[in-house]
8 protein chains.
Amino acid sequence: QTVTVDLDRRRRCGFPEVVYGEGKTVEAIAAVFDEQHARGEPAMATRVSPEQAEALLPLLSGATYNQVARILRRESHPGRPRVGKVAVVSAGSSDLPIAEEARETLDWMGVAVTMVHDVGVAGPHRLPERLAEFEDADAVVVVAGMEGALPSVVGGYLACPVVGVPTSVGYGANFQGLSALLSMLNSCASNVTVVNIDAGFKGGYVAGLIATRAAAGTEGRRDA
Amino acid sequence: QTVTVDLDRRRRCGFPEVVYGEGKTVEAIAAVFDEQHARGEPAMATRVSPEQAEALLPLLSGATYNQVARILRRESHPGRPRVGKVAVVSAGSSDLPIAEEARETLDWMGVAVTMVHDVGVAGPHRLPERLAEFEDADAVVVVAGMEGALPSVVGGYLACPVVGVPTSVGYGANFQGLSALLSMLNSCASNVTVVNIDAGFKGGYVAGLIATRAAAGTEGRRDA
Amino acid sequence: QTVTVDLDRRRRCGFPEVVYGEGKTVEAIAAVFDEQHARGEPAMATRVSPEQAEALLPLLSGATYNQVARILRRESHPGRPRVGKVAVVSAGSSDLPIAEEARETLDWMGVAVTMVHDVGVAGPHRLPERLAEFEDADAVVVVAGMEGALPSVVGGYLACPVVGVPTSVGYGANFQGLSALLSMLNSCASNVTVVNIDAGFKGGYVAGLIATRAAAGTEGRRDA
Amino acid sequence: QTVTVDLDRRRRCGFPEVVYGEGKTVEAIAAVFDEQHARGEPAMATRVSPEQAEALLPLLSGATYNQVARILRRESHPGRPRVGKVAVVSAGSSDLPIAEEARETLDWMGVAVTMVHDVGVAGPHRLPERLAEFEDADAVVVVAGMEGALPSVVGGYLACPVVGVPTSVGYGANFQGLSALLSMLNSCASNVTVVNIDAGFKGGYVAGLIATRAAAGTEGRRDA
Amino acid sequence: QTVTVDLDRRRRCGFPEVVYGEGKTVEAIAAVFDEQHARGEPAMATRVSPEQAEALLPLLSGATYNQVARILRRESHPGRPRVGKVAVVSAGSSDLPIAEEARETLDWMGVAVTMVHDVGVAGPHRLPERLAEFEDADAVVVVAGMEGALPSVVGGYLACPVVGVPTSVGYGANFQGLSALLSMLNSCASNVTVVNIDAGFKGGYVAGLIATRAAAGTEGRRDA
Amino acid sequence: QTVTVDLDRRRRCGFPEVVYGEGKTVEAIAAVFDEQHARGEPAMATRVSPEQAEALLPLLSGATYNQVARILRRESHPGRPRVGKVAVVSAGSSDLPIAEEARETLDWMGVAVTMVHDVGVAGPHRLPERLAEFEDADAVVVVAGMEGALPSVVGGYLACPVVGVPTSVGYGANFQGLSALLSMLNSCASNVTVVNIDAGFKGGYVAGLIATRAAAGTEGRRDA
Amino acid sequence: QTVTVDLDRRRRCGFPEVVYGEGKTVEAIAAVFDEQHARGEPAMATRVSPEQAEALLPLLSGATYNQVARILRRESHPGRPRVGKVAVVSAGSSDLPIAEEARETLDWMGVAVTMVHDVGVAGPHRLPERLAEFEDADAVVVVAGMEGALPSVVGGYLACPVVGVPTSVGYGANFQGLSALLSMLNSCASNVTVVNIDAGFKGGYVAGLIATRAAAGTEGRRDA
Amino acid sequence: QTVTVDLDRRRRCGFPEVVYGEGKTVEAIAAVFDEQHARGEPAMATRVSPEQAEALLPLLSGATYNQVARILRRESHPGRPRVGKVAVVSAGSSDLPIAEEARETLDWMGVAVTMVHDVGVAGPHRLPERLAEFEDADAVVVVAGMEGALPSVVGGYLACPVVGVPTSVGYGANFQGLSALLSMLNSCASNVTVVNIDAGFKGGYVAGLIATRAAAGTEGRRDA
Ligand SMILES: Nc1ncnc2c1ncn2[C@@H]1O[C@H](COP(=O)(O)O)[C@@H](O)[C@H]1O
Ligand SMILES: Nc1ncnc2c1ncn2[C@@H]1O[C@H](COP(=O)(O)O)[C@@H](O)[C@H]1O
Ligand SMILES: Nc1ncnc2c1ncn2[C@@H]1O[C@H](COP(=O)(O)O)[C@@H](O)[C@H]1O
Ligand SMILES: Nc1ncnc2c1ncn2[C@@H]1O[C@H](COP(=O)(O)O)[C@@H](O)[C@H]1O
Ligand SMILES: [Mg+2]
Ligand SMILES: [Mg+2]
Ligand SMILES: [Mg+2]
Ligand SMILES: [Mg+2]
Ligand SMILES: [Mg+2]
Ligand SMILES: [Mg+2]
Ligand SMILES: [Mg+2]
Ligand SMILES: [Mg+2]
């Protein structure tokens, strides 16, 4: 028995444990999905390769796979209404897979998402043209590779928290995403926080938490 | 005229521009405070040395200086009630200055703060003993140096967003905070985001944004 | 003759030379096994690929291969009783191969091993629930990737030496295990030492040395 | 004789050798100024500390020192008309010394300069408001620390070459300017080139070369 | 719709948006080419693999592919006369692909190019022998891997701007081009600027901008 | 109250919490010493500067300060017999402060220590000449800067665990101890583990744990 | 014509230009061999893959390929007597390919070589046992991966120059040879110099230069 | 007794042990000088600060101190004739202290030295003009900071071994000499080896060994 599923995670953290698929056997992933299914938990696994997905899908009824996002998941309450509002904004079209990973995660959390693609700083007029689509968002996930400058600019236009997701898109002195990561950590916009390189899942998850709490309002909750 | 104050910042971003004090002349800082004062904005400057503060305090009536936090600021609405709830949790007692920088920022934003000091993982029983003090927080700022493991553990116990602030406390392979920074970026807890090393201001600011929005509730706001 | 086996190693160091299999020819590995066999030494090779193993097994009677651990070895005294007690504790299920490499090494040394899997800090209640299984261990090997926080927490609960083995599990700012390595080197728990990234063999070996010496007691030995 | 002045530099490169002042003795710097003066060359030294300047000024008649820029120099043709047009644009007011170093260099080269201060991306409306002042420049030097995003945005608005000068302004994961340097090297704007961290001299020098050549026109020159 | 072509780029920046081909789908690249073609823009894509090119060429009439340079493009005005003069100088014969990428870019911009191959510093007599071929260039692109010393030497011989393009040619402590990159950033020749590792496109582009402006002359343009 | 002493540490970990003195106020350190004294715990603080010590000694009766080791401590059972045997072996005479920090820690733990100084690999005959002094040790702490090769050689001669302590002694490509740290992590001797750069305290502490357990023998303990 | 062979290299440097084979086309390599052959130069190419060699051997009569060393070369004076004496000493059997690259280079230079394999520091008695074989060498090339400690020890035993060649053998915190490289650069033995990681060619070449000059004696030469 | 002088060093290595002065006490350095003096050895200490020297000179009769080189030493055979020939070539005048450290070392070894200052690549005509002064050298030490390109160029002109000494002269992306170090390690000139950053002593020492051996001739020696 080499897996210890954290079955108490939803009670403590609001959502069930999400499986990190990379390097796991098909058996290990299926075991977690089964155990969570038995308890009525909607399972999700990230960084699942097409090969892993192909082997898993026949074993897991009701599971779907998004190949761009590399996410395998089960829906718990299909059709339930989305709460809150998160925008996922990406800099270049090569950042799409990571933006999709964030979108899938938010959808799994039941949060409404607005996608804004390919508005990086080399064409600086593109972002302001589309600000109206998401200036009332509860949080914005900004996905950018290369110099990773977009979160600072988005942060400079908006009042809500911005979660920067650096991607490994680029070459040379990009050093697999280090360049974008450092940019975002050093952002001169005060509302920018950062997650790991290529961590679309985490960017979506944190934005989702912010949105669900904003949607509910906590003052009431705390008094209850 | 070498300074261009961003006087529109509050409208766009909810709070006025905050001055980064390091390397600025006394004149430059005073100019911003004066310009913001003239517009009724509560100015704040971070990373202000005791020498800078000593020269600035006589020039800026109503300003106060917190030497541990290295923050100089003016209060806009003294005595107004605090909204929301943010906990600032620190791992070791050497992390105090950065925790204080976060606390001052939150106070300036008008957010209620709970401080929990010196509950790092080397004494793992200390954190659970104090969880009750902040498990209903809107967001938690976790300040830790050395191996920076505390945000993951806090994140594992709670459902709200955790903003990790790595500090440069440590020596050797700590590399001035790189160790704690990488730890937090690689956190296996899904609710952990990260700001720059020693960035108590940013940690506090983002948590404050989350708390003020949670306190207000956005569903209502969006419909309005 | 391009290999110079250190045939005196057991006398000096207590155990025979172990072959580092990576990049070696089948002939070179077989030569060492044969030379050690001729002297009654139980040979062991680490980081042996399935391809190398397939070519070597027919040549080396009595050798066995553990594909997860990538270890090829010969047992010297099958069935002899195990001495001491070492726990191998791992953070996530992707860390399994390195944990297995440590376990195989300890078994080859004749040390008793307890395995505790998948008790990483994102589910912080899991470790305390299982402490009773190994709190009397002579040493604990803690295998963790991503932020590598687990050794500090284990170290905070126990009095015995903890050997941290950072793994390369993770992505992005993990930098192939650098993140976990730095965490462990900067551990605020005083009883944590560290070996190389993915060095399950070394983690197991050092813990095995501690356990065999603890099992024997040295005060007596020294007087003898 | 430990200095070998490159007295042929103007013929080959258009401008005389510039002394790198850091770590040089007062004697060594004075020797170069004297030798160049004897040949009618306008000497210039960069990164000259106030202490060095204080010792040198009495020795070098006609020399002036700009303490913010740390440049000591002699004017060859006071009052001659400036050629071309270069803008020096800076992100924050802490970047002023490096912007000044570029400005002094350009002035020494006889190039007209426009200064635009403190228009970093956290206040993204500031730059477009001032574009008209320099959209006809031959080249723009953009000086920025922290995340170093400004050259990309300037580059996205303009057709002329942009020379990015990363500064060491910032802290933590800024790593003394590495963050801004990597940003600029990875700029998604095609017209951005980069010089060393804090290299205001070089940024100004290259922009000056571009402007003087543009001012002259080379088609004519080449046929001549 | 995951692509947002910057159709205003030529007006702002003088040349249309260039596609970064790496990691893009065939559909995404074809979409941009089609949209630009519809507007009479000559499209160009860099870092296009032979596999991508093979799929794209049948879809894009009039497009050509240079496999060494990995550039796919359409010519807008075949046969128009070249303006200006740029030399592309390379250090070793392994640097050829990056030199070709610069050459293709310059050709697409309509700039005249002179190629000088394999004149690295290990044979220091080779460069001076060939200087006459390009000493009247408007700008020189110098492409070099390993220790990246060639731009400094070229810069020492010439008065025009030198754009250094470090390549990833080398091994060991070359660290995929870091060595050449740092060399060029630290060049003691004042006229050397730098672009990203292997960024033949950018090196060519910036040199092309310098040459076209020099060819036109700006004094006239500005008065106009 | 900004300090939370871990008063349960001795029960869990065998020894009381040790204060990390760097960056702490005199008040904070004195508070811990007082609280531990009140419970009969022998307090110890590491990395205490002479200035801190001078202020603390008058406040803490019975405390002593070792300026070379930078350790301030109180003895609990003066004169009690030492148990076990640990050797502290250092490579060069500049490594003395870190070797002393290890020695003081071991003495505070009640472990017998043998010091062997200045036997680095540049004089390879020196170590074998002195092996007899410590070949029966329970553990060896090896302190080395520069290339940090000594732990491998010691490890090659002995059967007991070797705890490598890399020091920051050296210059240039030493990178403040990184060179020695990497050497020790990559040691080809199987019995070498590593602690942080300059972590004499940790090296001594872990060796002390090994020695006390070896001295007691655990087989008996476990059955009890 | 993309290759500019340095045909004057033998006159200046004593030996003809050696081709760096990595990333070169078969045509480019053959062109150099042909050009050198036409002038009676014995060509050599390093880092030639088996695939390149297979294509080249039929084209180049008299050329031979050593697959372990990855060297392709032509002998100029088969059977001529060797001069001088260089030892190539390697630490582990995985370092063999780089040791062979050094040996081939020395053989091509006409220098006598002694090979000593697998005498790394984990078995510290092995080196002294074999010192007699090479203590009269003119220079020693020491090839070592992992912690790269062997050159320091060899340097400590001998009076001649030691050329350290770090290899990329190892894993984890070895960082592809960085660990061994830093060790050798920080060697406390005064007679150790270093070449690039895996640069067996360079290590052999420099040692060969030392040996040929020592064999000849220069005092005589200089007076001549 | 914390110092173990290696009194056998001259027999093994040809020259006595040299003291690394940094961080040593005056007593420790004086002890080594005294012990070596008693045996007729000419002591030398490197990296000795003016403060250390001031305290030591009165204690050590016959010792002299070169403040630029930071070397303290005793002459054994004043006035003996110099053997061999080594050139010390430096790139910029800020590299003087390291060049002096090499010169002092060579003088102490009894080797004849030629100094060539300030002939860096930004003025590429300077080196060829002075080649005649040292083209018959047995070895050349090349001292260079910033981009560290000079050893490659010197190596391209000469047949003898070139020992590159990178210096920490520079700023920004120089990273305290890393830039020059990597350049030299990646030199495309085959005769370049490298020592540590700022290691003038080592550069001089290795060149001195080469020169003394070349001066003597080894063929004869070996037969004897
Ligand atoms: N893509 C991801 N990036 C970062 N963390 C993740 C990702 N997917 C899952 N996780 C977290 O990683 C933890 C450890 O995963 P596991 O190895 O599956 O036990 C889980 O508890 C999740 O919180
Ligand atoms: N601030 C600077 N940054 C970079 N290079 C410089 C600077 N100032 C002068 N230089 C160049 O550095 C070269 C070497 O300087 P020196 O050490 O004075 O011989 C000169 O030839 C200049 O081209
Ligand atoms: N020199 C040291 N190096 C590493 N860890 C230490 C050192 N001194 C004390 N510690 C540990 O650091 C932890 C945190 O220290 P403190 O900041 O004092 O709460 C303590 O619990 C000790 O286990
Ligand atoms: N394996 C090698 N490592 C380092 N340098 C080499 C190697 N092989 C050849 N070289 C050198 O690299 C230079 C440039 O090579 P090329 O790219 O062939 O013009 C040659 O002049 C050789 O001196
Ligand atoms: Mg685009
Ligand atoms: Mg504490
Ligand atoms: Mg798990
Ligand atoms: Mg500002
Ligand atoms: Mg060539
Ligand atoms: Mg010594
Ligand atoms: Mg071996
Ligand atoms: Mg000069």
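Everything here concerns the structure above.
About the criteria used
Residues numbered from 1 in each chain as written. Chains lettered and ligands numbered in written order. Predicted model: local features only at pLDDT ≥ 70, side-chain atom pairs only at ≥ 80, totals over all residues. Heavy atoms only, no water. Contact = heavy atoms within 4.5 Å. Least-squares fit on C-alpha atoms with pLDDT ≥ 70 in both. Pairing = 2+ DSSP bridges. Helix = DSSP H or I, 4+ residues; strand = E, 2+ residues; numbered from the N terminus. Axes fitted to C-alpha atoms, helices over the stretch in contact; angles between N-to-C directions. Buried area = accessible area lost by both parts, 1.4 Å probe. Salt bridge = Lys/Arg side-chain N within 4 Å of Asp/Glu carboxyl O. Polar contact = N/O pair within 3.5 Å; in protein donor to acceptor, adjacent residues only side chain to side chain. Nonpolar A, V, L, I, M, F, W, Y, C, P; charged D, E, K, R; others polar. Near = heavy atom within 4 Å. Areas by Shrake-Rupley, 256 points an atom, 1.4 Å probe, with all protein chains shown as cover.

Another point: the arrangement of the chains. Here chain D and chain F are not in contact; the least distance found between their C-alpha atoms is 14 Å. Between chain C and chain H there is no contact, and the shortest C-alpha to C-alpha separation is 21 Å.

A word on the relation of the copies chain F and chain G. Once turned by 180° and shifted 0.0 Å along the axis, chain F lies on chain G with an RMSD of 0.0 Å. Taken together, the turn and the small shift mark the pair as related by a two-fold rotation axis. Considering only C-alpha atoms, the part of chain F nearest the rotation axis is F:Ala149, at 2.6 Å. Here 100% of the contact residues of chain F are again contact residues in chain G; the copies associate through an equivalent surface.

Take the sheet that holds strand β3 (residues 63-66) of chain H next. All names here are of chain H. Read from one edge of the open sheet, 4 strands run β1-β2-β4-β3, paired in mixed fashion. Single-partner strands in this sheet number two, and they are β1 (19-20) and β3. Summarising the sheet, β1 and strand β2 (residues 44-46) pair through 2 bridges and their orientation is parallel. Bridging from a neighbouring strand, Val19 pairs with Ala45 of β2. Contacting β2, β3 and β4 (71-74), helix α4 (residues 96-109) crosses the sheet at an angle of about 10° to β4.

Moving on to the interface of chain F and chain G. The interface of chain F with chain G comprises 23 residues on the first partner and 23 residues on the second. Between chain F and chain G, a total of about 1900 Å² is buried, with carbon and sulfur atoms accounting for 66% of that surface. At the boundary of chain F and chain G, one finds 0 salt bridges. For the pair chain F and chain G, the interface holds 13 residue pairs in polar contact (both at pLDDT 80 or more). Elements that contribute at least two residues to the side of chain F that touches chain G include exactly α6 (150-157) and α7 (178-185) of chain F. Looking at side-chain class alone, the side of chain F that touches chain G contains 15 nonpolar, 7 polar and 1 charged residues.

A word on the site of ligand 3. Around ligand 3, a shell composed of 13 residues is seen, among which B:Tyr171, C:Cys188, C:Ser190, F:Lys24 and F:Thr46 lie nearest. The environment of ligand 3 is shared, with nearby residues belonging to chains B, C and F. Starting from 500 Å² of accessible surface for ligand 3 in isolation, the protein chains cover 93%.

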